[in-house]
Amino acid sequence: MVVSRRILTIKYILADFVAALAAWGLFYSYRKLYIESSKFGHSIAINVDAKFIVGLLIIPLFWVAIYALVGSYSNVMRRSRLRELGQTAYLSVIGVLILFFTLLLDDTIVNYKSYYSTFFTLLCLHFIFTATLRLILSTGVAHRIRNRQLGFDTLMVGSNQNAVNLFNEFESAKQSYGNFFKGFVHVDDSNGKFFKNSLPHLGGVNDLREIIKEHKIEEVIIAIESNEHEKVGKIINELEDTNVVIKIIPDMYDILTGTVKMNAIFGALLIEINPYLMPVWQQSFKRLFDIVLSFITLIILSPVYLILSILVKTTSHGPIFFSQERIGLHGNPFIIYKFRTMYQDAEHQGPQLSKENDTRITKLGKWMRKIRLDEIPQFFNVLMGDMSLVGPRPERQFYIDQIMLRAPHYRHLQKVRPGITSWGQVKFGYAENVEQMIERLKYDIIYIENMSIALDIKIMFYTLKTIVEGRGK
């Protein structure tokens, strides 16, 4: 299945490349045969020179880069043809505008009307070629999904009559919904007695993460009884950072309150929880923004690095930098870097959080913490991809284990890269104990549920305000 998906993605990329190449080639011919011939009063030959060849290579790459930036190739099997048509039209306008103002504005024209004809000719050619090839590919994929040749490895959560009825609905459908069921996990003690061996039993809800990893599950359908709905939160929490698409059987309350959104005319009635917190183009821009700003900051602050390094080394015994293992995206550990603000061996009695009037912190360290100078080595972490500029603060596994006992929804934070600053840092500040960590958690959850580039910029602005005012602790 993975190989098939990679091949499909390559087909879409090649189709977009060929469409852009054909559109630009015809547009070049149009300019020579119509615009320039009208301008000079005689036929202009189409010269296949080096400039023309370079254009045929660079322009299609430009279009492929735009499509990749907005996530057109991220999940080619879940494309909606109508939505894709609208996206293609929108991106065609944006891309042609960029090409027009960068390459065509100073081109040969007969009169000002040539600008209109040039713009709309390129726009129509590019949109028609691209939309046609994409429609052909998407229709082919949809046909293969309906005929059970392609699909998504799916796990059923539930073993009651609801789950059996839903499974039978999927399996008996004349046209497939695209789900290849690998098995089910039980929620209650019935342990699959209703399935009667029609679907493999893979374990219980406590084994979800291991099952998803082992069987490469892409979609999870939660089918439990109405009186078991209090268990849905626990199940979703187990699935938080797995990147699977979650679907749930709704009850009448969900339908009446508008929770159920129809995304297909045919198919089972399900609530879909998409794993993507931000549009793909914003995810790409956020990472690009992280890299560019971190690189610039490291260059600008290089004299500050040198001065702080000398001060840290000369004012107390120990290394210049402090490094420690933290837990990041999807629960993966990484090493975080800071300027050392505590005396050496400050945690010889075990992990401890810093607090007000902490005797372990050096005099220089107190000053650095107030204006967050101890954090600036983390821009290296951002460049390496372990962190982002904005995101929940990364914690140690020692404290995460304690938080999870009282606030299991902490796992929600591991769906994103941790950050140098966060909404929790701005609104709450550093936590001195587990209770305060849990209190700060709500701000980080709110951030994740409302993630956007605009919100990141707002948080960075308030962080700068905190630094200028020296209100850090």
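Because the structure is predicted, anything quoted here is derived from the model rather than measured.

**Some remarks on the overall build of the chain**
Summing up its helical and strand segments, the chain has 16 helices and 10 strands in all. Within the chain, contacts between residues at least 6 apart in sequence are counted, and of these 73% link residues at least 24 apart. Taken as a whole, the chain presents about 25000 Å² of accessible surface, with 62% of it coming from carbon and sulfur.

**Quick notes on helix α6 (residues 208-215)**
Three or more residues of α6 are buried, namely Leu208, Ile211 and Ile212. The arc enclosing the buried residues of α6, seen along the axis, measures out at 100°, which places them on a common side. Summarising the geometry of α6, the exposed residues directed more than 90 degrees from the buried face are Glu210, Lys213 and Glu214. Packed against the buried residues of α6 are β1 (152-157), β2 (179-186), β3 (201-204), β4 (219-222) and α7 (232-238). Phi turns positive one or two residues past the end of α6, at Lys216, with a value near 55°.

**What about the side chain of Thr154?**
Relative to the helices and strands, Thr154 resides in strand β1. In this structure the side chain of Thr154 is engaged in a polar contact, spanning 2.9 Å, whose partner is the side chain of Asn179.

**Brief notes about the environment of Ser159**
Structurally, Ser159 can be placed in the loop between β1 and α5 (161-172). A relative accessible area of 2% means that Ser159 is categorised as buried.

**As for the confidence of the model for the chain**
Atomic detail in the predicted coordinates should be set aside for any region of low pLDDT. Taken over all residues, the pLDDT of the chain has a mean of 82, while the share at 70 or more is 86%. When the criterion is pLDDT under 50, residues 262-266 qualifies, and its contacts beyond four places in sequence or with other chains add up to one contact.

**Points about a nonpolar patch on the surface**
A cluster of nonpolar residues, Tyr90, Val93, Ile94, Leu97, Ile98 and Phe101, forms a patch on the protein surface that exposes about 540 Å² of accessible area. Note that Ile94 resides in helix α3 (residues 81-104). Judged by its relative accessible area of 34%, Ile94 falls in the partly exposed class.

**Brief notes about the packing of aromatic side chains**
Each aromatic ring pair is summarised here by two numbers: the centre-to-centre distance and the angle between the ring planes. Under the definition given, this model contains 16 aromatic pairs. Judged by centre distance (5.2 Å) and plane angle (90°), the ring pair of Phe119 and Phe120 falls under edge-to-face. On the accessibility criterion, Phe119 (15% relative accessible area) is buried. Accessibility expressed as a relative area gives 46% for Phe120, which makes it partly exposed. With 5.3 Å between their ring centres and 85° between their planes, Phe167 and Phe181 make a pair best called edge-to-face. With Phe167 in helix α5 and Phe181 in strand β2, this residue pair connects regions lying 14 residues apart in the sequence. No difference in accessibility class separates Phe167 from Phe181, as the two residues are buried. Chaining the aromatic ring pairs together yields one cluster made of Phe100, Phe101, Phe119 and Phe120.

**Concerning the pattern of salt bridges**
One pass over the full model with this rule turns up eight salt bridges. Across the pair Arg134 and Asp16 runs a salt bridge whose closest N-O atoms are separated by 3.0 Å. Linking Arg134 in helix α4 (residues 113-146) with Asp16 in helix α1 (residues 2-40), this pair joins segments that are 118 residues apart in sequence. Here Glu219 makes a salt bridge to Arg78, at a shortest N to O gap of 3.0 Å.

**Focus on the packing of helix α2 (residues 50-69) against α3**
Here α2 crosses α3 at 135°, and the two axes come no closer than 11 Å. It follows from the interaxial angle that α2 and α3 lie oblique. α3 is crossed by α2, and the crossing has right-handed handedness. In contact with Ile59, Phe62, Trp63, Ile66 and Tyr67 of α2, α3 contributes Leu91, Ser92, Gly95, Val96, Ile98, Leu99 and Leu103. Looking at the contact of α2 with α3 residue by residue, the classes come out as 10 nonpolar, two polar and no charged.

**Focus: the pairing of β2**
Judged from the six bridges that link them, β1 and β2 form a sheet pairing that is parallel. Paired with Leu155 across the bridge in β2 is Gly183. As judged from the three bridges shared by β2 and β3, these two strands associate in the parallel manner. Directly across from Val185, in β3, lies its bridge partner Gly203.

**Some points on the packing of helix α10 (residues 302-315) against helix α11 (residues 363-370)**
In a pair of packed helices, the angle between the axes and the distance between the axes together describe the arrangement. At a minimum axis separation of 9 Å, α10 and α11 run at an interaxial angle of 150°. By the angle class used here, α10 and α11 are roughly antiparallel. Here α10 contributes Leu308, Leu311, Val312 and Thr315 to the contact with α11, which in turn contributes Leu364, Trp367 and Met368. Looking at the contact of α10 with α11 residue by residue, the class counts come to six nonpolar, one polar and no charged.

**Focus on unusual backbone geometry**
Look at Lys216: it is not a glycine, yet its phi comes out positive at around 55°. Residue placement: Lys216 occurs in the loop between α6 and β4. For His330, which is not glycine, the phi dihedral falls at a positive 60°. Here His330 lies in the loop between β7 (321-327) and β8 (333-339).

**Digging into the side chain of Asp290**
With respect to the helices and strands, Asp290 occurs in helix α9 (residues 280-300). Buried and unpaired, Asp290 has Arg287 as its nearest opposite-charge partner, separated by 4.4 Å. When near neighbours in sequence (up to four residues on either side) are disregarded, Asp290 contacts Val382, Ser388 and Leu389.

**As for the environment of Arg287**
If you trace the backbone, Arg287 turns up in helix α9. The exposure class assigned to Arg287 is buried, which follows from its relative accessible area of 19%. Between the C-alpha atom of Arg287 and that of Leu389, which follows or precedes it by 102 residues, the distance is 9.0 Å. Those residues in contact with Arg287 that lie beyond four places of it in its chain are Val382, Leu383, Met384, Gly385, Met387 and Arg417.

What counts and what doesn't
Residues numbered from 1 in each chain as written. Predicted model: local features only at pLDDT ≥ 70, side-chain atom pairs only at ≥ 80, totals over all residues. Heavy atoms only, no water. Helix = DSSP H or I, 4+ residues; strand = E, 2+ residues; numbered from the N terminus. Contact = heavy atoms within 4.5 Å. Areas by Shrake-Rupley, 256 points an atom, 1.4 Å probe, with all protein chains shown as cover. Buried < 20%, exposed > 50% of the residue type's maximum accessible area, 1.4 Å probe, protein only. Arc of directions from axis to C-beta. Polar contact = N/O pair within 3.5 Å; in protein donor to acceptor, adjacent residues only side chain to side chain. pLDDT = per-residue confidence, 0-100. Patch = residues over 30% accessible without salt bridge, like charges linked within 9 Å, V, L, I, M, F, W, Y side chains within 5 Å. Salt bridge = Lys/Arg side-chain N within 4 Å of Asp/Glu carboxyl O. Phe/Tyr/Trp six-rings, centres within 6.5 Å; stacked < 30°, edge-to-face > 60°. Axes fitted to C-alpha atoms, helices over the stretch in contact; angles between N-to-C directions. Parallel < 35°, antiparallel > 145°, perpendicular 65-115°, else oblique. Left-handed = near helix turned anticlockwise from the far one by under 90°. Nonpolar A, V, L, I, M, F, W, Y, C, P; charged D, E, K, R; others polar. Pairing = 2+ DSSP bridges. Lys, Arg positive; Asp, Glu negative; His and termini not counted.

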